[in-house]
Amino acid sequence: MDNRNLTLLTDLYQLTMMNGYLKHDKKDEIAVFDVFFRQNDMITYSLACGLEQVVNYILNLNFGKEEISYLDSLGIFSEGFLNYLKNFKFTGDVYAVPEGTVVFPGEPILTVKAPILQAQLVETAILNIMNFQTLIATKSAKICYAAKEDIVMEFGLRRAQAPDAGIYGARAAVIGGCNCTSNVLAGKMFDIPVSGTHAHSWVMNFKDEYTAFMEYAKTYPDNTLLLVDTYDTLGQGVPNAIKVFDWLKENGYKPRGIRLDSGDLAYLSKKARQMLDEAGHKDTIICASGDLDEYSINSLKNQGACIDLWGVGTRLITSADMPALGGVYKLAAVIDNDGNVTPKIKLSNNSAKITNPGFKDIYRVYDKKTGKAEADFIYLRGENIDTNKPLVLTHPTERWKKITFENYELRSLQIEVIKQGSLVYDMPSLKDIKEYAKRELESFWDEYKRLDRPHIYKVDLSDGLYELKKSMLEKIRGANVL
């Protein structure tokens with residue numbers, strides 16, 4: 001699927017602006033754009049995801065004959081612009097936090113520094129890719145946090161919003177903590193373990209449930225996990241499964257377990273566990289599925305449900321309670337031929353929509369004693385931070401709120417990924433990204449990750465960035481608005 005030419009995966013106004021920039025002799029102007037997402041009531045933290053596909057997209061940008069012919073047919077682009085597109089190639093720089101990094105509202109998780117026409121073109125596709133994949137990785141992380149040490153399987157393909165969402169959503173879910181996927185193509189593309197048993201239709205296709213279970217066990221004796229809720233979970237399903245498990249044991253095989261897909265999962269799992277244990281199958285597992293998410297899993301855990309493995313589909317792959325991340329791509333600076341940076345800022349009557357100007361990065365503050373993340377601050381590249389002195393961070397708008405760190409260390413979050421149009425970053429394997437994401441999440445206190453009213457993590461502005469933003473606001477608006 002990555003072999004497709006996605007160059008026209010953009011909004012029309014990106015191309016009309018490019019045409020205008022070329023007409024007004026701005027093609028060599030360097031622009032800096034930031035990708036970030038805004039705060040809302042649903043966001044506590046996010047897990048950055050999608051960088052690998054973004055890189056593949058950027059490095060393969062090209063306007064072939066078909067693309068140029070189509071644009072010509074629209075009748076709105078100059079001949080000079082269409083000729084310019086024939087040799088189009090991304091020659092800029094891209095900085096980003098690695099996939100699996102825990103990030104927060106307002107932080108530049110990806111920065112593009114490139115000639116303005118190039119930087120403008122890539123906006124839509126970058127947001128399309130990162131908004132969705134970050135959303136799913138984050139939802140997965142929360143679901144897996146609720147499941148604690150249990151295995152979580154991603155089952156979302158049939159409910160995903162079309163093939164790409166199912167495929168890249170499965171990858172994102174694994175980064176967030178899922179152990180495997182039902183999606184065979186995603187398994188092949190990304191080397192993800194695949195998992196699955198049988199559907200209700202298998203049971204319904206045979207003359208009775210016991211026969212269906214037995215035939216399945218004969219087909220897969222080393223991995224027999226039976227779906228027991230087609231007719232009557234406790235009255236027929238579990239007893240029939242026990243009979244089949246007895247047969248498997250008698251023939252030298254180890255039964256895997258049962259799956260519950262409907263009903264009162266807490267009650268059914270406890271009763272099923274009791275029945276299985278009393279029949280001598282204490283080492284079998286109970287899998288649950290059926291519109292699960294972090295809240296239902298947490299509730300089932302609190303009720304003492306005897307569930308070992310979770311299959312999560314619809315509410316994960318669609319991020320049902322927050323179906324859009326709301327990430328944006330905003331101009332932060334322009335750079336002239338002498339390297340002089342002119343910061344840019346977007347104003348709004350809504351203070352949450354006022355952007356942070358300049359060419360920036362993020363520092364994460366860690367407590368040296370605990371190793372835990374304590375706060376982030378966004379700073380201007382080139383700004384000097386003296387780590388030999390206590391670090392004082394101030395709230396980005398409520399300046400009377402301060403916190404001081406003494407025994408700390410700093411980590412810069414962004415890395416250079418593309419330099420002058422060439423890849424300069426060794427893209428990690430999915431397995432390595434998953435492990436990195438796990439370490440990232442473990443570096444945060446549980447108070448920031450809890451489902452019910454989590455503590456708000458501190459994200460501040462450096463003194464230099466705050467003063468720059470304040471001075472620009474005062475110059476434009478003529479008043480102190482921070």
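Residues numbered from 1 in each chain as written. Predicted model: local features only at pLDDT ≥ 70, side-chain atom pairs only at ≥ 80, totals over all residues. Heavy atoms only, no water.

Engineer: What is the right way to look at the sheet that holds strand β14 (residues 360-367) in this model?
Structural biologist: Whether parallel or antiparallel, the strands of a sheet pair through hydrogen bonds between backbone atoms. Across the sheet, which stays open at both edges, the four strands sit in the order β18-β14-β15-β21 with mixed pairing between neighbours. With partners counted over all chains shown, the strands left at the sheet margins are β18 (408-412) and β21 (459-461), one partner each. On average, each strand axis in the sheet is inclined to that of its neighbour by 30°, with strand direction left out of account. As paired strands, β14 and β18 are joined by five bridges and run antiparallel to one another. Paired with Val-365 across the two strands is Leu-410, which belongs to β18. (Pairing = 2+ DSSP bridges. Helix = DSSP H or I, 4+ residues; strand = E, 2+ residues; numbered from the N terminus. Axes fitted to C-alpha atoms, helices over the stretch in contact; angles between N-to-C directions.)

Engineer: Explain the nonpolar core here, please?
Structural biologist: General note: in soluble globular proteins, nonpolar side chains tend to be found buried as a group. By size, the foremost hydrophobic cluster in this structure holds 70 residues, and its most contacted members are Ile-258 and Trp-310. In this view, Ile-258 contacts Leu-225, Leu-226, Val-228, Val-238, Ala-241, Phe-245, Ala-272, Leu-276, Ile-285, Ile-286 and Cys-287; residues no more than four positions away in its chain are not counted. By size, the runner-up hydrophobic cluster in this structure holds 51 residues, among which are Phe-37, Ile-43, Tyr-57 and Tyr-425. (Core = buried A, V, L, I, M, F, W, Y, C linked by side-chain atoms within 4.5 Å. Buried < 20%, exposed > 50% of the residue type's maximum accessible area, 1.4 Å probe, protein only. Contact = heavy atoms within 4.5 Å.)

Engineer: So what exactly am I meant to see when it comes to the pairing of strand β12 (residues 327-335) here?
Structural biologist: Each regular strand shows side chains that alternate between the opposite faces of the sheet. With respect to burial, β12 is a largely interior element, seven of its nine residues being buried. By the bridge criterion, eight bridges tie strand β1 (residues 30-37) to β12 in an arrangement that is antiparallel. Each bridged residue has a counterpart across the sheet, and for Asp-34 the counterpart in β12 is Lys-330. Judged from the three bridges that link them, β12 and strand β13 (residues 341-343) form a sheet pairing that is antiparallel. In the strand pairing of β13, Ala-333 is matched with Pro-343. Remark: five residues form the turn of the hairpin made by β12 and β13, two consecutive strands paired antiparallel; Gly-339 in that turn has positive phi of roughly 85°.

Engineer: Explain the packing of helix α6 (residues 123-147) against helix α7 (residues 163-176) here, please?
Structural biologist: Geometry of a packed helix pair, given as the angle between the helix axes and the separation of the axes. Contact geometry of α6 with α7 gives a least axis separation of 7 Å together with a crossing angle of 45°. Viewed along their axes, α6 and α7 adopt a mutual orientation that is oblique. Seen along the crossing, α6 lies across α7 with a hand that is right-handed. Judged by residue contacts, Phe-132, Gln-133, Ile-136, Ala-137, Ser-140, Ala-141 and Cys-144 of α6 engage Ala-165, Tyr-168, Gly-169, Arg-171, Ala-172, Ala-173 and Gly-176 from α7. Taken together, the residues of the contact of α6 with α7 sort by class into nine nonpolar, four polar and one charged. (Parallel < 35°, antiparallel > 145°, perpendicular 65-115°, else oblique. Left-handed = near helix turned anticlockwise from the far one by under 90°. Nonpolar A, V, L, I, M, F, W, Y, C, P; charged D, E, K, R; others polar.)

Engineer: When you look at the environment of Phe-155 in this model, what are you seeing that I'm missing?
Structural biologist: You can see Phe-155 is positioned in the loop between β6 (151-154) and α7. As for Phe-155 and Thr-370, which are separated by 215 residues in sequence, their C-alpha atoms are 37 Å apart.

Engineer: I tried to follow the sheet that holds β13 on my own but got confused; where do I start?
Structural biologist: An order of β13-β12-β1-β5-β3-β19-β20 is seen for the seven strands of this open sheet, with the pairing classed as antiparallel. Strand pairing shows two members of the sheet lacking a second neighbour, β13 and β20 (422-423), which therefore form its edges. Lying over the sheet, helix α2 (residues 51-59) contacts β3 (93-96), β5 (110-115), β19 (415-419) and β20, oriented at roughly 20° with respect to β19.

Engineer: Just to check I follow, could you spell out the side chain of Thr-101 for this structure?
Structural biologist: With respect to the secondary-structure elements, Thr-101 resides in the loop between β3 and β4 (102-103). Taking the relative accessible area as the measure of exposure, Thr-101 reaches 0% and is therefore buried. Reaching out from Thr-101, the side chain makes a polar contact with the backbone oxygen of Pro-98 at a distance of 2.7 Å. One polar contact links Thr-101 to Tyr-436, side chain to side chain, over a distance of 2.7 Å. Leaving out residues up to four positions away in the same chain, Thr-101 has contacts with Ser-46, Leu-47, Ala-48, Arg-364, Arg-411, Leu-413, Tyr-436 and Glu-440. (Polar contact = N/O pair within 3.5 Å; in protein donor to acceptor, adjacent residues only side chain to side chain.)

The analysis is restricted to geometry; functional conclusions fall outside its scope.
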